[in-house]
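Next come the chains, spelled out residue by residue.
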Amino acid sequence: MHISVNVDGVTYADEVEPRLLLVHYLRERLGKTGTVVGCDTGNCGACTVHLDGHSVKSCQMFAVQANGHEVTTIEGLARDGKLHPVQQAFRSNHALQCGFCTPGMIMQAIDLLADEPDPDDETVRKGLEGNLCRCTGYQNIVRAVQDAAHRMRPGAGPKMEQHSDDHVTATQPVGGE
Amino acid sequence: MTATAEPEVGKARLRKEDARLITGQTKWTDNIQLTGMLHMAVLRSPVAHARIRHIDCSRATAMPGVALVLTGEDFAAEQGSLPCAWPITEDMKSPPAPALAVDQVNFAGEAVALVIADNAYRAADALAAIDVDYDELPVVLDMEEALKDQDLVHPDLGTNKCATWVFDSAEAGSGTDVEEAIASAEVVIERTFRQQRLIPSFMEPRSVVVDPSADMFTMWSATQIPHILRWMLSAVTGIAEHKIRVIAPDVGGGFGGKLQVTPEEVLCLLAARRMGRPVKWTESRTESMLSAHHGRDQIQKITLSARRDGTVTGLKVELLADMGAYLRLVTPGIPILGAFMFNAIYKFPAYRFECTNVFTNKTPTDAYRGAGRPEATFAIERMMDELAVELGMDPMKIREMNWIKHDEFPFTTVAGMTYDSGNYEAATARAMELFGYDDLREEQKRRRESGDPVQLGIGISTYTEMCGLAPSRVLGALRYAAGGWETASIRMLPTGKVEVITGTSPHGQGHETVWSQIVADRLGVPFEDVEVLHGDTASSHKGMDSYGSRSLTVGGTALVHAADKVLAKARKLAAHMMECDEADVEFAAGSFSVRGTSTARTLGDVVLAAHVAHDLPEGMEPGMDADATFDPDNFSFPHGTHLCATEVDTETGMVKIRSYVAVDDVGTVVNPLIVDGQVHGGLAQGIAQALYEEAIHDEMGTLTTATFADYLVPSAADLPAFMTARTATPATSNPLGVKGVGEAGTIASTPAVVNSVLDAVRHLGVRDIEMPLSPERVWTALQGGSADASTPAAGGLGSIDAQGGQS
């Protein structure tokens with residue numbers, strides 16, 4: 001089938017098998033390997049991307065279902081060399097270890113913050129329930145999402161992807177780049 | 001070159017690794033695309049035990065895109081047997097372990113055929129067209145049944161008993177006779193605990209790519225052990241070691257689960273050789289859960305003797321450990337790693353450990369975070385609580401009266417280990433203070449008295465562990481096939497920048513950051529000027545890789561020694577350059593100076609002089625590089641006190657962790673951010689064993705928890721916020737004073753949680769609940785308990801026979 005999909009700001013036109021999963025289209029066809037596959041059942045969330053600004057698990061969708069839509073992956077977040085505030089917050093708060101869940105976790109966190117600009121601990125935990133991390137025990141992920149919320153005020157939304165100028169913030173322990 | 005302003009060691013540096021990980025620029029094995037690359041898919045046995053009568057590949061071979069379909073028979077002459085590097089006893093039984101089953105399958109999930117096709121979808125399609133005829137055999141699943149040898153996993157071995165390994169303090173001379181201690185004891189407590197089977201559940205599924213071009217086999221693998229893997233691949237396949245290069249690119253977690261030489265690595269290598277083209281294999285999550293090794297799975301019968309005043313007098317440990325169907329890389333040695341830790345921080349005068357390893361028709365077990373030590377810690381920390389209950393004493397009090405005091409270090413234990421340093425009093429005092437122990441006991445009392453449906457429990461775990469695997473001579477004495485040293489190289493580049501090559505193989509631990517901190521401190525160079533190379537046998541030619549909380553204690557020490565060698569040579573050259581006696585040269589903050597003068601040369605000046613080699617002292621080689629290999633004299637022994645408060649809803653059986661305090665002594669801390677992160681993640685895995693996770697096989701031997709929908713890796717919503725703090729008694733066994741932190745949280749937390757739940761409901765007649773403590777199990781135990789509160793609900797032998805303890 002023929003599909004036309006905008007991924008990270010570039011429009012692609014491709015012939016795909018109807019059964020091709022969106023995540024495999026992104027990874028194998030477009031080389032967008034920042035988005036990864038962690039399970040087969042939609043439980044782990046490692047493959048989370050945005051479809052028209054809202055998070056979806058790209059292993060639970062066919063590429064053809066993205067026809068005519070806009071997909072944003074982890075690779076499309078940074079703009080003009082500046083990290084998205086959620087990316088920055090993940091680094092500043094040591095919210096990743098092996099980093100395999102991180103792309104999906106960041107995409108889900110951005111979606112969560114669009115709905116809940118100032119989430120408390122429990123709201124973050126429930127909002128990330130569909131994304132598994134085996135390394136961090138989630139403690140610093142929760143902290144990072146709350147830190148990002150502060151960086152992003154008044155809130156991020158599908159239409160207002162925000163980008164932060166600050167490379168070093170008060171919550172950053174030391175150093176940075 | 002500028003000097004660093006403040007010490008790097010101890011600084012909460014943000015990680016170098018993160019830049020690529022937060023932007024999707026990471027190089028996972030599955031990202032690799034090579035020209036002409038083929039894809040491998042593996043057909044797995046749906047049955048746990050069967051003879052393979054016939055495999056028909058004809059339909060699969062004819063399918064579009066399929067290049068080749070192979071069975072075990074096709075590979076029988078070249079696939080060898082997967083290695084087991086730890087024959088724990090001379091008479092250990094070890095079955096052949098083919099990568100692809102040849103005539104018999106021994107667990108559900110074992111590889112029986114493979115397809116090579118032009119893409120992964122077509123390879124998977126063809127699997128469905130392979131017809132296998134199985135003659136099913138009786139399955140052996142239960143360890144105690146298995147030991148009756150009625151049905152055999154491997155008939156050729158004549159028994160399901162793999163080996164029995166014994167340590168006895170009377171025989172070893174490290175203590176007295178435990179049977180005498182038990183016979184003469186005022187109090188004897190006997191319990192049986194079950195360490196359920198767990199699945200490591202690293203987030204990145206395993207993946208392998210092999211490129212056979214250019215007269216060399218280059219393998220990328222999602223592995224923890226590129227160096228050991230290269231050696232073992234050569235040993236298994238006969239391909240010369242120098243013709244194999246193994247690369248572990250970014251690796252998405254391991255937790256021991258990627259400490260393995262896998263069937264798929266061997267098959268991918270052989271398939272690439274046969275095809276003459278690159279071949280990739282990436283597993284699905286279900287494949288991972290079925291066939292990547294599992295962890296734990298022990299039955300622990302523990303006998304503890306004591307005096308009425310609470311002083312412990314003896315400890316006897318009788319284990320059954322499930323090997324699964326085959327012995328993988330270190331399978332039989334995992335329970336043995338626990339042998340030295342059951343006595344823990346306590347001064348037992350007599351100790352005996354006996355472990356019987358058993359074959360079953362299940363997925364092989366092997367290392368999983370803590371590897372033998374969580375099992376030991378669980379058992380002893382549960383027993384200390386049982387003793388406290390028996391004697392009506394406070395559980396912390398009873399620990400305190402039996403533990404090694406801070407002024408008794410170094411202390412040689414009844415298991416023959418010499419603990420170099422520690423301060424259990426300090427860690428405990430800090431934990432008690434942070435936890436609010438007395439207030440929680442007050443609240444517990446109030447809830448009990450008012451019959452609150454939500455009861456409060458407090459659980460303690462005062463653990464230690466042995467890290468820094470390992471002194472090579474000890475490994476040799478334990479019949480392990482390799483050493484435990486680690487290696488590091490430093491290459492000083494002409495511009496003053498530094499390349500560090502390490503034999504450790506990080507997969508989330510942050511070695512690039514921490515190794516940079518160590519080198520920056522030692523050489524007085526900026527943190528940013530250090531590049532750490534790892535995980536490629538072409539650049540890092542030797543190493544023993546990462547597991548067992550060894551990387552910093554052993555690999556970090558090798559790095560310190562390499563830096564010291566650089567400085568020793570640089571000092572000599574600096575003296576030559578400044579025309580002074582070497583004894584007058586001082587080094588500080590990256591600069592050499594002549595004592596008492598203003599004459600100085602930076603390390604960068606000296607490195608450049610060494611590189612151009614225009615004027616070197618007589619006999620000095622050009623360049624400023626150094627290699628060092630460090631073999632530790634002793635293990636390191638992190639310890640700590642963990643306290644857990646749980647609320648148990650007696651109407652639903654639901655357990656909620658109300659607060660969790662972890663005070664750990666991991667010695668010197670190089671990067672507190674990373675240490676905290678390791679503790680957090682470790683706690684999550686230990687808590688998950690206590691409350692959520694279990695690999696369950698049905699009566700046919702089918703794994704029924706083969707997806708993340710069934711195997712309950714906790715999410716953020718399932719875990720509490722942790723309170724972590726540290727005390728520090730530097731290790732004396734290495735120059736950094738570090739002890740290791742990778743496994744501490746996992747080792748400590750499981751008994752803290754279980755002790756806490758039992759503490760909440762013990763007054764209702766519950767004596768034990770089998771892990772994981774699901775709401776159903778807790779509720780069932782409470783029904784048994786409340787029906788007749790005067791009778792111990794769990795019967796005489798603890799959880800295994802617990803009528804109220806399991807559903």
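- Looking at an unreviewed UniProt entry, one finds chain A named Carbon-monoxide dehydrogenase small subunit, with Lentzea flava as its source organism.

## Examining the interface of chain A and chain B
Part 1: On the side of chain B, 56 residues touch chain A, which itself brings 49 residues to the contact.
Part 2: Together chain A and chain B conceal approximately 4500 Å² of surface at their shared face, both sides included; 57% is due to carbon and sulfur atoms.
Part 3: A per-residue breakdown of the area chain A buries against chain B is headed by R91, H94 and R134 of chain A, which together make up 19% of the total.
Part 4: Applying the counting rule to chain A against chain B returns 3 salt bridges.
Part 5: Seen at the junction of chain A and chain B, the total is 26 residue pairs in polar contact (both at pLDDT 80 or more).
Part 6: Counting residues per element, the ones that place at least two in the side of chain A that touches chain B are helix 1 (22-29), helix 2 (85-92), helix 3 (102-115), helix 4 (121-127) and helix 5 (139-152) of chain A.
Part 7: Take the side of chain A that touches chain B: its biggest share by element is 4 residues, from helix 2 of chain A.
Part 8: Split by residue class, the side of chain A that touches chain B holds 20 nonpolar, 19 polar and 10 charged.

## Overview of the domain arrangement of chain B
All names here are of chain B.
Part 1: Taken domain by domain, chain B comprises domain 1 (18-24 + 485-630) and domain 2 (420-465 + 635-795).
Part 2: The centre of domain 1, based on its C-alpha atoms, is set 42 Å off from the matching centre of domain 2.
Part 3: Both sides of the domain 1 and domain 2 interface together cover about 1100 Å² of buried area, and 67% of this is carbon and sulfur.
Part 4: When the buried surface of domain 1 facing domain 2 is broken down by residue, S549, L552 and T553 rank first, second and third, together holding 40% of it.
Part 5: The tally of links from domain 1 across to domain 2 stands at 0 salt bridges.
Part 6: At the junction of domain 1 and domain 2, the tally comes to 3 residue pairs in polar contact (both at pLDDT 80 or more).
Part 7: Looking at the side of domain 1 that touches domain 2, the elements that each hand over two or more residues are helix 17 (511-523) and helix 18 (551-578).
Part 8: Residue contributions to the side of domain 1 that touches domain 2 peak at 6 residues, all from helix 18.

## As for the sheet that holds strand 13 (residues 295-306) of chain B
All names here are of chain B.
Part 1: The 5 strands lie next to each other as 7-15-14-13-8, forming an open sheet whose pairing is mixed. Of all the strands in the sheet, the pair left with one neighbour each is strand 7 (161-168) and strand 8 (187-198). Each adjacent strand pair in this sheet contributes to an overall mean axis angle of 10°, direction not counted.
Part 2: The pairing of strand 8 with strand 13 spans 11 bridges and is classified as antiparallel. Along strand 13, the bridge assignment pairs V188 with S305.

## Points about the side chain of D665 of chain B
Residues and elements named next belong to chain B.
Part 1: Here D665 is to be found in strand 27 (residues 655-665).
Part 2: With a relative accessible area of 0%, D665 lands in the buried category.
Part 3: One polar contact links D665 to K739, side chain to side chain, over a distance of 3.3 Å.
Part 4: Ignoring sequence-local partners within four residues, the contact set of D665 consists of N423, P638, H639, G640, T727, A728, T729 and K739.

## What about helix 1 of chain A?
Residue and element names in this part refer to chain A.
Part 1: If you check which residues of helix 1 are buried, you get L22, V23, Y25, L26 and R27.
Part 2: Buried positions along helix 1 lie against strand 1 (2-7), strand 2 (10-15), strand 3 (48-51) and strand 5 (70-72).
Part 3: Residue G31 follows helix 1 closely and has a positive phi angle near 70°.

## Structural notes on the sheet that holds strand 12 (residues 279-282) of chain B
All names here are of chain B.
Part 1: Strand order in the open sheet formed by 7 strands is 3-5-1-12-9-10-11, with mixed pairing between adjacent strands. The sheet is open, and its two borders are formed by strand 3 (66-71) and strand 11 (244-247), each paired with just one other strand. Averaged over all adjacent pairs, the angle separating strand axes in this sheet is 20°, with direction ignored.
Part 2: Relative to strand 5 (residues 111-117), strand 1 (residues 38-44) runs antiparallel, the two sharing 6 bridges. Directly across from M40, in strand 5, lies its bridge partner I116.
Part 3: On the sheet, helix 4 (residues 120-127) packs against strand 1, strand 3 and strand 5 and is oriented at approximately 25° with respect to strand 1.

## Here's the deal with the side chain of E743 of chain B
Part 1: Examined against the element boundaries, E743 of chain B turns out to sit in the loop between strand 28 (723-726) and helix 21 (744-761).
Part 2: If we skip the residues at most four places from it in the chain, E743 of chain B touches R369, G370, R373, E465, G548 and S549 of chain B.

## Overview of helix 8 (residues 226-237) of chain B
Side chains three or four residues apart in an α-helix point the same way, a direct result of the helix having 3.6 residues per turn.
Residue and element names in this part refer to chain B.
Part 1: Taking 1.5 Å per residue as the helical rise, helix 8 with its 12 residues ought to reach 16 Å, and the 16 Å between its terminal C-alpha atoms agrees with that figure.
Part 2: For helix 8, the tally of buried residues reaches 10 of 12 residues, placing the bulk of the element in the interior.
Part 3: Where helix 8 is buried, its residues touch strand 10 (217-221), strand 11 and helix 9 (263-275).

## Overview of the nonpolar core
Part 1: By size, the foremost hydrophobic cluster in this structure holds 218 residues, and its most contacted members are F90 of chain A together with M40, L304, F342, F353 and Y660 of chain B.
Part 2: Ranked by residues supplied to this core, first place goes to helix 12 (residues 373-391) of chain B with 9 residues.
Part 3: When sequence neighbours within four positions are dropped, the list of residues in contact with F342 of chain B reads Q300, I302, L315, V317, L319, Y351, F353, E375, A376, A379 and I380 of chain B.
Part 4: Within the second largest apolar cluster, 46 residues are counted, among which are A488, V514, L552 and A626 of chain B.

## Quick word on the pairing of strand 15 (residues 351-359) of chain B
For a regular strand, side-chain orientation follows a simple rule: the groups alternate between the two sheet faces.
All names here are of chain B.
Part 1: In terms of residue burial, strand 15 counts as a mostly covered element, since 8 of its 9 residues are buried.
Part 2: When strand 7 meets strand 15, the two strands line up antiparallel, connected through 7 bridges. Pairing of W165 across the sheet is with C355, part of strand 15.
Part 3: Bridge count between strand 14 (residues 312-324) and strand 15: 9 bridges; the pairing is parallel. Bridge pairing in strand 15 places L320 opposite T356.

## Considerations on the domain arrangement of chain A
Residue and element names in this part refer to chain A.
Part 1: When the domains of chain A are assigned, the result is domain 1 (2-75) and domain 2 (85-169).
Part 2: Both sides of the domain 1 and domain 2 interface together cover about 1300 Å² of buried area, and 58% of this is carbon and sulfur.
Part 3: Summed over the three residues of domain 1 that lose the most area to domain 2, namely T48, H50 and I74, the buried surface amounts to 37% of that side.
Part 4: Applying the counting rule to domain 1 against domain 2 returns 0 salt bridges.
Part 5: At the boundary of domain 1 and domain 2, one finds 7 residue pairs in polar contact (both at pLDDT 80 or more).
Part 6: Where the side of domain 1 that touches domain 2 is concerned, the elements lending two or more residues are strand 3 and strand 4 (54-57).
Part 7: For the side of domain 1 that touches domain 2, a count of residues per class yields 6 nonpolar, 11 polar and 2 charged.

## Topic: unusual backbone geometry
Part 1: A cis amide bond links L469 of chain B with the next residue in sequence, A470 of chain B, at an omega value of -5°.
Part 2: Looking at the element boundaries, A470 of chain B is found in the loop between strand 18 (454-464) and helix 16 (472-477).
Part 3: Cis rather than trans, the peptide bond between M771 of chain B and P772 of chain B has omega equal to -5°.
Part 4: You can see P772 of chain B is positioned in the loop between helix 21 and helix 22 (775-787).
Part 5: Unusually for a residue other than glycine, Y138 of chain A sits at a positive phi of about 70°.
Part 6: Tracing the backbone through its elements, the reader meets Y138 of chain A in the loop between helix 4 and helix 5.

What counts, and where the lines are drawn
- Residues numbered from 1 in each chain as written.
- Chains lettered and ligands numbered in written order.
- Predicted model: local features only at pLDDT ≥ 70, side-chain atom pairs only at ≥ 80, totals over all residues.
- Heavy atoms only, no water.
- Contact = heavy atoms within 4.5 Å.
- Buried area = accessible area lost by both parts, 1.4 Å probe.
- Salt bridge = Lys/Arg side-chain N within 4 Å of Asp/Glu carboxyl O.
- Polar contact = N/O pair within 3.5 Å; in protein donor to acceptor, adjacent residues only side chain to side chain.
- Helix = DSSP H or I, 4+ residues; strand = E, 2+ residues; numbered from the N terminus.
- Nonpolar A, V, L, I, M, F, W, Y, C, P; charged D, E, K, R; others polar.
- Domains from an automatic or database assignment.
- Pairing = 2+ DSSP bridges.
- Axes fitted to C-alpha atoms, helices over the stretch in contact; angles between N-to-C directions.
- Buried < 20%, exposed > 50% of the residue type's maximum accessible area, 1.4 Å probe, protein only.
- Expected span 1.5 Å × (residues − 1).
- Core = buried A, V, L, I, M, F, W, Y, C linked by side-chain atoms within 4.5 Å.

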